[in-house]
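Topology and contacts: notes
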Amino acid sequence: IYTSAYPSVHICRRSIFTHILGVSSSSPGTVGGFPASSPAFIDALSGTTISRGKLRSYALQLAFSLHNLPLPLENRTKTVLIFSPNSITWPVMMLGAVAAGFRATLANSGYTPHELKYQYIDAGAHLIFVHPSLVGTARTMLRSLECSEQEIRSRIIVAGVQWIMGDKDVSVPDDQLKDLVTITQLLGRGELKEEVSFDGERSNETVYLCYSSGTTGQPKGVETTHYNIISVLEMLKPVWPNSKPCLTPSIPAKGGVDVLFGCLPYYHIYGGVKLLHLPLFLGVPGVVMAGFDPDGFCAAIARYRVTIGFVVPPMLVVFARHPAIQKHDLTSLKILFSGAAPLGAELVLAVMKRMKSIGADVDILQGYGLTETSPTVFLLPVPDASSHIGAAGVLLPNLEVRLVGETEGEPHTDIPGAGEVWVRGPTIMKGYLNNPTATAEAITPDGWFKTGDICVRDKDGFFTIVDRRKELIKYKGFQVPPAELESVLLQHAEIADAAVIGIESKEEATELPRAYITPSRPLSPQEASSFALGVQNWVSQRVASHKQLRGGVVIIDKVPKSAAGKILRRELRERAKTDVAV
Ligand code: 4UV
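These numbers come from a predicted model, not from an experiment. (Residues numbered from 1 in each chain as written. Predicted model: local features only at pLDDT ≥ 70, side-chain atom pairs only at ≥ 80, totals over all residues. Heavy atoms only, no water.)

Within the secondary structure, R13 sits in the loop between β1 (2-3) and α1 (16-21). With a relative accessible area of 33%, R13 lands in the partly exposed category. Excluding anything up to four places from it in sequence, R13 contacts F198, D199, G200, S203, N204 and Y227. A polar side-chain atom of R13 sits 3.0 Å from a polar atom in the side chain of S203. (Helix = DSSP H or I, 4+ residues; strand = E, 2+ residues; numbered from the N terminus. Buried < 20%, exposed > 50% of the residue type's maximum accessible area, 1.4 Å probe, protein only. Contact = heavy atoms within 4.5 Å. Polar contact = N/O pair within 3.5 Å; in protein donor to acceptor, adjacent residues only side chain to side chain.)

Here it is in C-alpha cells:
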C-alpha cells in the first residue's frame, strides 16, 4: 500500500455550498472567505461577469423558488437534471439546486433525446434546467415518455445566459419558449435565508450524479457526495500551485492574479471540479467558454490574462501546431493542465518548445482520475513538471493506492511492477445509483475502488499510467462505453452481432471508436463497404457526436468471444493493428 508523501489535510463535514459560498458574521463582506464583490465567473465572449456575492444571491433566490415549486414525491430527495453547454448561468443552476438541498444530475449537452431519456429516468429527475438551444431535445424526450403538454411545462426550466444577466438572446425564437418557465421568472421571488445544511453525517449524502460506465457495461449514476467534493478541493490545495486570489471587482489590467480557464464541460467531473468548484474555492475568477475553437481559446487567454488553462490531450495538439498560437499574446499563461486521457511525452515536449518560441513560460501539468474518484488521484506538481514528463503525478494527500499485479491470473503488461490502480480514501464515490451489484464489483468490502487502469510507480513516488484494462474508450476525454454502442448496433435489422473497441490516433492524441460487425446475411465485397458506410451513418443519427464511429467499421465473420460469451476485445485490438476499416 502506497500512501501520500503529503501530510493528511482536515476535511469539514458540511455542504459544498457552505464550503465555497458560505458567509459568516466574523468576516462581513466576504463569500466563501473572499470579497463578495470579486469576480466569480466571466463569460469569455461577452465579458459579462458574475461576482461571488451575486452568484450566492442568485443561487439562494433560485433555491427559494425550487422549494416552492409543486413537485411530486415530497418525501424523496429531489433531483434536477442540467442539460446545457457551459455558460455563466451554469454555476447558478448547479449551486441553486445544491442550496435547495436537491441533487443535480449532469447530462452531456450533445445527447440525443434517447440518451437524455436514459439519464433522466435512471437518475429519477424531477425537473430539467435546459439551455434555450436544447429545448427541442428535452421536449422530444419528455413526449417520448408520454408526458402531457402540461407536464412538460412543469418539468422544463429554460436557463440561458440572456435572462439572468438581463440581455436578450436573439438566436432563440421566442415562440419555441413562450409557454415555458425561465430561470429569470424563478429569480426575484424571494431568497432562501440560508442554504440547506448538510452538516455532520449528512455530508455523506449525494449531491452530484455524473454518469460513467466504470469498467464495464452501460453508463451508471455516480453518487458523489458533499464530503467527496470538499475532500478533493482540500486535498488538491497542498499539491496545487500557490494561487493569487482576485480581491477587486474586476481582474487588474496588469494581471498579477490567477485566472482559471477552460472549455471542458461542467457536466463532466473534470470541468465540474476544476473549472467550477476550484476557482470558487481558491478565490480566483473562472473564465467560461462553451466549445473549443483554437482562435477563440487563445483570444480568451490574451483578453483575460489567463494564468492556468485546463485542457485534454487533443487540445495540446493545437498548442503544438496551430497558427492561432502565434496570433495572440499568450505570455500570461503559466500552466497548461491536462487530464482525462493519456498524454504522450512527445506531445508535451512539442508544446513546451512551441510555447518557448512565443515567449511564454509554461509548465505542463497532468492529473489522473475518474468520475468515481471525484476525480483527482494523481497530480504532477509544478516543481516536477519538466523532470517527470509523461508521469500522471504523485498521490494526493489522504489517499492510499495499491497496484494490484494480476487479476484472474493474467499479467497486465510486460512492464515490471505494473498493476491495476486501486484507490482508497475520502474522494471515493458512495456507489453507483440503485446498482448494488456494480457497486460491489467496483469497491471491495474494505473500501478499495478498482480503477481498471494499469500503472507503474517509480522509486520517487511518481505514477505513470501505462494501459487501460477496462472496456472504456475515451474520445477527446469523453467516455464512450462500448456496451452502449454495441446495444445501438444490435438494434440494426441487418446486424447479427457487434463489438466496439478504441483505435489510437497519434495524430489527434485520442482514441476513435471502431465497430466490428457481423451482418445477418453474407455480403459481396462491393456490398460490404457500402453497408459499413451505411452503418456508420445510421449510428451517427442515434448517438451524440463523441460516440460516432470515427474509427470506422470492419465486417467480420464472427465476433470473437470467450466460452462464457464475453467479447474478446484483446483479440480485436490485436487484429486492429492490420485491419483496414471503412
Ligand atoms: O470517469 P472519467 O471520464 O474521468 C476523467 C477525469 C479526469 C480528470 C483527471 C485528473 C484531474 O485532476 C481532473 O480534474 C480530472 O476523465 O474517465 C476516467 C478514465 O479516464 C482515463 C482513465 O482510463 C480513467 O479511468 N484517464 C483519466 N486521466 C488520465 C487517464 C490520465 N492523466 N492519463 C491516462 N488516462
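There is more to say after this.
A few words on the state of the cysteines. Taken as a whole, this structure holds 0 disulfides when the rule is applied. Between C263, a cysteine without a disulfide, and C298, which holds the nearest cysteine sulfur, the sulfur-to-sulfur distance is 11 Å. (Disulfide = S-S within 2.5 Å.)

Okay, the packing of aromatic side chains next. With the rule as written, the count across this model stands at 11 aromatic pairs. Seen in terms of ring centroids, F292 and F297 are 5.1 Å apart; in terms of plane orientation they differ by 65 degrees. Their pairing is edge-to-face. On the basis of relative accessibility, which here comes to 1%, the residue F297 falls in the buried class. Feature note: the residues Y2, Y368, F378 and F463 constitute an aromatic cluster, connected by ring pairs. One residue, K220, lies across the ring of Y432, its end atom 5.5 Å from the ring centre. (Phe/Tyr/Trp six-rings, centres within 6.5 Å; stacked < 30°, edge-to-face > 60°. Lys NZ or Arg CZ within 6 Å of the ring centre and 35° of its normal.)

The environment of the ligand is made up of 21 residues, and the closest members are K274, T371, D453, K470 and K474. The separation between an oxygen atom of the ligand and a polar side-chain atom of R468 is 2.8 Å. One of the side-chain N or O atoms of K474 is found 2.6 Å from an oxygen atom in the ligand. Across the complex, the protein chains shield 99% of the 670 Å² of accessible surface that the ligand would expose by itself. Those elements that provide at least two residues to the shell around the ligand are α10 (269-282), β17 (363-369) and β26 (463-468). Of the residues forming the shell around the ligand, the biggest block, 4 residues, is contributed by β17. Split by residue class, the shell around the ligand holds 9 nonpolar, 7 polar and 5 charged. (Near = heavy atom within 4 Å. Areas by Shrake-Rupley, 256 points an atom, 1.4 Å probe, with all protein chains shown as cover. Nonpolar A, V, L, I, M, F, W, Y, C, P; charged D, E, K, R; others polar.)

On their own, these measurements won't tell you what the molecule is for.
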